[in-house]
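Per-entry structural report
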Amino acid sequence: MTGGKVLGLRAATLLVVLIVAATALAVRLAPGEDPVTVFWPTAGFSVMLLAGLRPGLRSWVPATVVVAAAVALGQELAGRGGSVASAVAVSQAVDALVAALVLRADPRDLRTPRDLRLTTVEDFLRLLLASTVAAVVAGGVASAWISALAADAPWSGLEVFRAVATAYAAATLVLVPLVLARRFHRSAGSSEELALQVVALLGALAYVFAPGQDLPVAFAPLAVLVWGALRFDTLTIAGEVAVVAVVAAATTREGWGPIGNARAEGTISELTATTLTQVLLVSTVVVALPLVLTAQQRRYLLRRLSSDEQRFRRSFAQSAVGQVLLRREGEALVISDINAAAVDLLGLAREQLVATRIDQHLRGRALTAAIAGAVAGRGGGHRIQADVAARTARVDVALSKVSGPGEPDLFSAQLLDATAEYDARRRLEQAEKLTSTTLDTTACIVLVTDLDGRIVRVNAATTEITGYAASELVGRPVWKTTLAPSDAADLEALFLWPNRSGTPVVRENDVVVRDGSRRRIVWTSNMVRDELGLPAYAVMTGIDVTTERAAAGLVTHLMQASITTALVGVDAAGLITVFNSGAQRLLDFEASEQIGRPFTGLFDPVQLLERTGTDDLDVAFRKLTTELREDGELPHRDWTWIDRAGRQHAVSMSLSVADPLGGTGGGTLLCVARDVTEQRRSQELLVAALEKERTAVERLRVLDDAKSDFVSTVSHELRTPVTSILGYTEMLLDGSMGEPDPDQRPLLETIRRNGERLIDLCNDLLTLSGLDSGSVQWKAEEVDLGRLLRDVAGTIAPLLKGRDLHFDVETPAAPVVVAGDGAQLERVLDNLLSNAVKFTEDGGLVRAEVSSDGESAIIKVRDTGIGIPLEEQDRLFQRFYRSSTAQRQAIQGTGLGLSIVQSIVASHGGTVRVRSAHQEGSSFTVTIPLARS
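My aim in this report is to walk through the structure given alongside it, one point at a time. As the structure is a prediction and not an experimental result, all values here were calculated from the model. (Residues numbered from 1 in each chain as written. Predicted model: local features only at pLDDT ≥ 70, side-chain atom pairs only at ≥ 80, totals over all residues. Heavy atoms only, no water.)

This part is about unusual backbone geometry. Despite not being glycine, Asp588 shows a phi value in the positive range, around 65°. Here Asp588 shows up in the loop between helix H20 (581–587) and helix H21 (591–594). For Asp588, a relative accessible area of 47% corresponds to the partly exposed category. Phi at Gln919 takes a positive value of approximately 65°, unusual for a residue other than glycine. The residue Gln919 is located in the loop between strand S22 (911–916) and strand S23 (922–929) in this model. Under the relative-accessibility criterion, Gln919 is labelled partly exposed at 43%. (Helix = DSSP H or I, 4+ residues; strand = E, 2+ residues; numbered from the N terminus. Buried < 20%, exposed > 50% of the residue type's maximum accessible area, 1.4 Å probe, protein only.)

The full count for this structure, using the stated rule, is 3 aromatic pairs. Between the aromatic rings of Phe603 and Trp639, the centroid separation amounts to 5.3 Å while the plane-to-plane angle is 85°, which identifies the pairing as edge-to-face. Remark: Trp639 occurs in strand S14 (residues 633–642) and Phe603 occurs in the loop between H21 and helix H22 (605–612); sequence separation between them is 36 residues. The exposure class assigned to Trp639 is buried, which follows from its relative accessible area of 3%. (Phe/Tyr/Trp six-rings, centres within 6.5 Å; stacked < 30°, edge-to-face > 60°.)

What follows deals with the packing of helix H26 (residues 785–796) against helix H27 (residues 822–838). Across the interface, H26 lies against H27 with an axial gap of 9 Å and an inter-helix angle of 50°. Taken together, the axis directions place H26 and H27 in an arrangement best described as oblique. Helix-helix and strand crossings are classified by hand; for H26 and H27 the assignment is right-handed. Between H26, through Leu785, Leu788, Leu789, Val792, Ala793, Thr795 and Ile796, and H27, the contact on the second element is made entirely by Gly822, Leu825, Glu826, Leu829, Asp830, Leu833, Ser834 and Val837. (Axes fitted to C-alpha atoms, helices over the stretch in contact; angles between N-to-C directions. Parallel < 35°, antiparallel > 145°, perpendicular 65-115°, else oblique. Left-handed = near helix turned anticlockwise from the far one by under 90°. Contact = heavy atoms within 4.5 Å.)

This part takes up the sheet that holds strand S8 (residues 455–458). The sheet built from 5 strands is open, its strands ordered S8-S7-S11-S10-S9 with antiparallel pairing. The two strands at the open ends of the sheet, each matched to only one other strand, are S8 and strand S9 (505–512). Strand-to-strand, the axes of this sheet are offset by a mean angle of 30°, without reference to chain direction. The sheet contact formed by strand S7 (residues 445–449) and strand S11 (residues 535–544) spans 5 bridges and is antiparallel. By the bridge assignment, Thr449 is partnered in S11 with Ala538. (Pairing = 2+ DSSP bridges.)

Summed over the entire model, instances satisfying the criterion amount to 24 salt bridges. For Asp123, the salt bridge identified is with Arg126, shortest N-O distance 3.5 Å. You can see Asp123 and its partner Arg126 sitting in helix H5 (residues 121–149), 3 residues apart, about one turn around the helix. Judged on exposure class, the residue Asp123 and its partner Arg126 are both buried. Within the structure, one salt-bridge network assembled from shared partners comprises Asp808, Glu810, Arg847, Glu849 and Arg862. (Salt bridge = Lys/Arg side-chain N within 4 Å of Asp/Glu carboxyl O.)

Structurally, Ala204 is set in helix H7 (residues 191–208). By relative accessible area, Ala204 is classed as buried at 11%. In sequence terms Ala204 and Val217 are 13 residues apart; their C-alpha atoms lie 9.3 Å from each other. With near-sequence residues (within four places) excluded, Ala204 lies in contact with Ala220, Pro221 and Val224.

Glancing now at the sheet that holds strand S5 (residues 394–401). On the basis of which strands lie adjacent, the open sheet formed by 6 strands has the order S2-S1-S6-S5-S4-S3 and antiparallel pairing. Two strands in the sheet have a free side with no partner beyond their single neighbour: strand S2 (332–338) and strand S3 (362–363). Direction of pairing for S5 relative to strand S6 (residues 410–417): antiparallel, over a ladder of 7 bridges. If you follow Asp396 over to S6, its bridge partner there is Leu416. Those strands touched by helix H14 (residues 365–376) are strand S1 (322–329), S2, S3, strand S4 (381–388), S5 and S6, and its axis lies near 145° from that of S4. Each of S4, S5 and S6 touches helix H15 (residues 419–441); the most contacted strand, S5, lies at about 120° to it.

Looking at the element boundaries, Val619 is found in helix H23 (residues 617–626). Taking the C-alpha atoms as reference points, Val619 and Leu609, separated by 10 residues in sequence, lie 9.2 Å from one another.

On to the nonpolar core. The biggest cluster of nonpolar side chains holds 77 residues, and the ones touching the most others in it are Trp40 and Tyr168. With 13 residues, the single largest contributor to this core is helix H6 (residues 157–180). The contacts of Tyr168, once residues within four sequence positions are left out, are Trp40, Ala43, Val88, Ser91, Gln92, Asp95, Ala135 and Ala138. Counting residues in hydrophobic clusters, the runner-up holds 34 residues, among them Ala836, Ala848, Leu876 and Val901. (Core = buried A, V, L, I, M, F, W, Y, C linked by side-chain atoms within 4.5 Å.)

On the surface, a nonpolar cluster with roughly 310 Å² of combined accessible area is contributed by Leu57, Val61 and Val65. Here Val61 is to be found in helix H3 (residues 57–78). (Patch = residues over 30% accessible without salt bridge, like charges linked within 9 Å, V, L, I, M, F, W, Y side chains within 5 Å. Areas by Shrake-Rupley, 256 points an atom, 1.4 Å probe, with all protein chains shown as cover.)

Before going further, it helps to spend a moment on the pairing of S2. Of all 7 residues in S2, 6 are buried; the element is thus mostly enclosed. Strand direction decides the pairing type here: S1 and S2, joined by 6 bridges, are antiparallel. Paired with Glu329 across the two strands is Ala332, which belongs to S2. Hairpin connection of S1 to S2: 2 residues between the antiparallel strands, including Gly330 at a positive phi of 70°.

Time to look at H7. Along its 18 residues, H7 runs 25 Å from first to last C-alpha, staying within 8% of the 26 Å computed at 1.5 Å per residue. For H7, every residue scored as buried is listed here: Glu193, Gln197, Leu201, Ala204, Leu205 and Val208. Along H7, the residues classed as buried sweep out an arc of 110° about the axis, all on the same side. Opposite its buried face, H7 presents the exposed residues Ser191, Glu192, Leu196, Val199 and Ala206, each directed more than 90 degrees away. (Expected span 1.5 Å × (residues − 1). Arc of directions from axis to C-beta.)

On to the packing of H27 against helix H29 (residues 897–907). Where H27 meets H29, the axes come as close as 9 Å, and the angle between the chain directions of the two elements is 145°. Both H27 and H29 take part in a crossing whose hand is left-handed. Facing Gln824, Leu825, Arg827, Val828, Asn831, Leu832 and Asn835 of H27, the residues of H29 in contact are Gly897, Leu898, Ile900, Val901, Ile904 and Val905. Of the residues that constitute the contact of H27 with H29, the class distribution is 8 nonpolar, 4 polar and 1 charged. (Nonpolar A, V, L, I, M, F, W, Y, C, P; charged D, E, K, R; others polar.)

By themselves, these observations are geometric and do not establish any function.
Quick look at the structure:
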């Protein structure tokens, strides 16, 4: 009757018989005239009958009537009739119906009856609720019936209510569990312990319900039942509770036990004794059954947990997938347990893994992020890939939390070897990358289509050649683009009959690119097949030959054009294959006369044999080809060709490999020759003229050297007598030979002055001669130009006597040091300052200064003198040159001073610049590198 089963006719009939018999027996055993027996099993059997039937009016209404009739019949058989019997029958029928409704009805779905079972505390609570509700209803009906029909009865309505309600509740709670309880779970106690417990229970019952027992020890059997509830199953305890009920009812009726003894002594009434007995039975059931159900459920859950743990352990240990249990320590996950598969994956011994951090053995940024997310409680699980630290391997990791709320954080990591998959994917990616790189670096159009002719991929060169972006082509049928390799019918034939022989289909046609221009493309189309040999894709490769075709036309035109350059093609055997119009005009041969003849027939045979060192023309040709450089070209060289009339032509000829089949010395050769006969004659004349000019220059250089030698010699020879003249003149002027006459003194002064001029001229000439010849010995010393300028200014002072000039010298406080010859640099300053004083009229200004810009020393000498015309400044530093202004004003000078200045400054690595204009003064700037510290 448990679960979803329904009572059959035989079982229902048996219950009806039990109802009649139990009612008759209970009424016969009822004490005195009480309307309620000490124990009322009829209630339990009635609830069993109605609850066991299929719920519904069609079954429960007749069954309720049958229950009422059976109870009435039982009472009639026991001699009870009248209103009490009717009240008991009606209340029993209503009690059974209400209890059945509560037991079988499901509030969540009234159309689906609830299963009858007693396996959990919730099932007992539903049984308790059903018995309570039914008892209240039965007690109310009985109380109302008695009050209405038996007003002269010795019991009050409340007493009847208490007696009936407790009797009905006790009977239902004691008997129904016998049917609903099952040996569903194994007991914890042994059969020996059960026998001992039963003996203890019977002893407790004998002691509590013994005749004359008046001690309040009714709780004693409860202790033994609690022992049984903790150790045995529900059915056992339900049977023991039924035994307690029978013993309590029987002994109480006989006046034994605390309750029966109190009734016998008249302490309590018969009805009260009955009520107390039923309360004792209800209390026993309420204590024993929930406890046994709880203990039984706990044992079941523990067994399930143990079984699950064993299965988990077996699954964990024997799993082919790596399993790792992790516990949280701070922000890290530490290995608590690990199975053999995971040990093999991580490549270390189990002892090296347990109690270590998982990120010590698995590495990767994704793993670090997953651990942080798991520890922080983000996400339900994390699937990543990581590298194994101890060996070259890669694993898939599934990390998830397995602990519940309030429990220590426990995580599970499943490891699956993904090395082969990773390597395969990497090889696939590399192959795909290689394919993409190959396609993108291929300098031709590549169109890949599916079997419907729809473009699925294009390479980068397609965009470069056609101007169409990949997005403009992908997804379109190839024959609907302007790049179709051939007409639509030809393409459709390729897809309908996909070239079973495997030979590519080659076509050449014009296509229209994005800018509207036309390109000449050579297409090669073929099918790509899968591993079964079935067509998968079509690949169409197009090579842009627009330039080649245009070049071929240009070459044809070039060969036929009227040009002076001779182009001769030669095959590997040395025979002429091409003879252009330039060659025809040069040698006066038609192309048809020369094609097929030996190439060496164009040369002067004497020259060719002499240069190749052989006496055979065929061997001479082979030697020409063996002299080709690594780049396949014979350098330009002049050769002699002979025309039809026997005239010789000097040609500048090169020979190169045009088609390198066969390597060096083989394939087609191209000879390019240009008639240079007239050019070579002109060059010979030019060489002769240049030789004459070189001879003349050499003679001039000799003459210049002779002139320099002459000037040097003359200067030496002149200085000696002039010095002697000056010496004697000084003697005459100072009166050593007698005091000269006043008329003689001006003459002697003139002699001295002109002699000094001659000495200065000789010194200047000797200085220039030494500078030109390189015989001057320079000193290498550090010279402070500031101090040198002050010294030179002192030597210039005599020139200022009798002059109205403002002479100013400015030098810096810090030394301005250059490396050079102090005497020569002093001469530079002396020449510049003396010139400035000499060419500045009275009332003018002469200013000299020395400064530095960090790299060079700068000397500036400025004056407000007569200046130098702009057009004469280019010749200012030439020897003996004097400006026109100086000549007009008859200012004395040799014209050598500035030339000496420039030579000395240049020898010191410096420069001299001048800025001047006629009658606007002059400014000379000398720049010399500073000495290195």
